[in-house]
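Secondary and tertiary structure notes
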Amino acid sequence: MADNSEIDYGPLTGLIGTWQGDKGMDVAPEPVGQSDSPYFETITFTPIGDVTNAEEQVLVGLRYHQTVSRKSNNKTFHDQCGYWMWDAATGTISHSLLIPRAVGVIAGGVAKTDPDSSAVTFEIKAGLHNPDWTIVQQPFMRDKAKTVAFHAKFTVDGDTLVYTETTVLDIYGKKFQHTDGNTLKRI
Ligand code: HEM
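Described in the following lines is the structure provided in the data block. For clarity, every value in this text was computed on a predicted model and none was experimentally measured.

Conventions we followed
- Residues numbered from 1 in each chain as written.
- Predicted model: local features only at pLDDT ≥ 70, side-chain atom pairs only at ≥ 80, totals over all residues.
- Heavy atoms only, no water.
- Buried < 20%, exposed > 50% of the residue type's maximum accessible area, 1.4 Å probe, protein only.
- Helix = DSSP H or I, 4+ residues; strand = E, 2+ residues; numbered from the N terminus.
- Pairing = 2+ DSSP bridges.
- Donors = N, O, S within 2.8 Å, 3.2 Å for Na, K, Ca; no water.
- Core = buried A, V, L, I, M, F, W, Y, C linked by side-chain atoms within 4.5 Å.
- Near = heavy atom within 4 Å.
- Polar contact = N/O pair within 3.5 Å; in protein donor to acceptor, adjacent residues only side chain to side chain.
- Nonpolar A, V, L, I, M, F, W, Y, C, P; charged D, E, K, R; others polar.
- Phe/Tyr/Trp six-rings, centres within 6.5 Å; stacked < 30°, edge-to-face > 60°.

1. Some details on the pairing of strand E10 (residues 160–171)
Within a regular strand, side chains alternate between the sheet's two faces. Judged by how many residues are buried, E10 sits mostly within the fold: nine of twelve residues are covered. Bridge count between strand E9 (residues 145–157) and E10: twelve bridges; the pairing is antiparallel. Bridge pairing in E10 links Lys146 to Asp170. Counting the residues in the hairpin turn of E9 and E10 gives two residues, including Gly158, whose phi is positive at 65 degrees. Pairing analysis gives twelve bridges linking E10 to strand E11 (residues 174–186), with the strands arranged antiparallel. When the sheet's bridge partners are listed, Leu169 is paired in E11 with Phe176. Hairpin geometry of E10 and E11 is characterised by an intervening segment of two residues between the two adjacent antiparallel strands and by a positive phi of about 55 degrees at Tyr172.

2. Brief notes about the coordination of the iron atom of the ligand
The protein supplies the iron atom of the ligand with one donor atom, His178 (NE2), which lies at 2.1 Å. Within the secondary structure, His178 sits in strand E11.

3. Quick look at the nonpolar core
If you look at soluble globular proteins, the nonpolar side chains tend to sit buried side by side. In this structure, Leu12, Leu15, Phe45, Trp84, Phe122 and Leu161 are the most contacted members of the largest nonpolar core, which totals 38 residues. It is E9 that contributes the most residues to this core, five residues altogether.

4. Some words on the site of the ligand
By nearness alone, 24 residues border the ligand, and Asp26, Ala28, His78, Arg101 and His178 come closest of all. Between the ligand and Arg101, the relevant distance is 3.0 Å, taken from an oxygen atom to a side-chain nitrogen or oxygen of the residue. Measuring from a nitrogen atom of the ligand, one finds a side-chain N or O atom of His178 at 2.9 Å. Going through the elements one at a time, strand E1 (17–29), strand E3 (57–70), strand E4 (76–87), E9, E10 and E11 are the ones with two or more residues in the shell around the ligand. Examining the composition of the shell around the ligand, we find that five residues originate from one element, E10, more than from any other. Looking at the shell around the ligand residue by residue, the class counts come to 13 nonpolar, six polar and five charged.

5. What about the packing of aromatic side chains?
Taken as a whole and assessed by the stated rule, the structure comprises five aromatic pairs. Note on Phe154 and Tyr163: the rings are 5.0 Å apart at their centroids and 15 degrees apart in plane angle, and the pair reads as stacked. For Tyr163, a relative accessible area of 2% corresponds to the buried category. One aromatic cluster is present, formed by Trp84, Phe122, Phe154 and Tyr163 through successive ring pairs.

Next comes the structure, spelled out in structure tokens:
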């Protein structure tokens with residue numbers, strides 16, 4: 001790993017810092033119907049430098065940590081961490097995430113810069129049967145609350161970060177679109 005100060009984080013540069021937002025909405029599965037939870041959250045993106053894989057691929061990126069709390073009781077009800085990495089040679093963005101339920105996602109995609117503004121949009125996805133970008137989970141979740149797909153769109157424009165994400169679950173005998181989204185400001 002090189003000295004962080006020498007690194008060009010490319011399209012990820014605009015994410016660096018700490019973000020807060022209180023306009024979140026979570027739609028989660030219930031045995032019958034769904035549960036809608038307005039939320040607030042903090043996400044911190046920290047530069048970690050570069051890694052070299054097989055002496056060939058160089059990834060640069062950020063480690064992140066997200067803590068999400070229900071507005072109704074101010075209690076944290078979701079914790080998530082991982083990495084956003086950029087492969088400058090191919091333009092590929094990888095988003096690796098872990099949640100405490102022992103479910104992990106390695107999603108991939110690209111970053112696009114809006115020609116009319118400074119906004120950068122990241123669109124990434126993963127699927128259980130996707131040979132490239134996939135999902136791993138503990139046996140209980142595999143059997144009872146399987147994550148089968150994940151896709152997300154993050155747009156950073158100056159000090160505003162907007163995201164929407166959909167986690168497709170196989171739970172309670174049906175497919176469920178578990179969705180989250182929020183607008184955050186850099187603090
Ligand atoms: C802002 C992000 C997220 C929030 C606020 C959130 C919140 C929730 C909530 C409230 C539930 C219902 C069960 C419970 O009350 O604990 C749930 C279920 C679940 N979530 Fe999330 N979630 C988020 C993101 C994710 C992501 C990224 C994944 C995986 C890729 C995921 C996977 C699951 C799974 C597998 C369940 C089913 C477990 C169950 O209901 O027993 N979630 N989530």
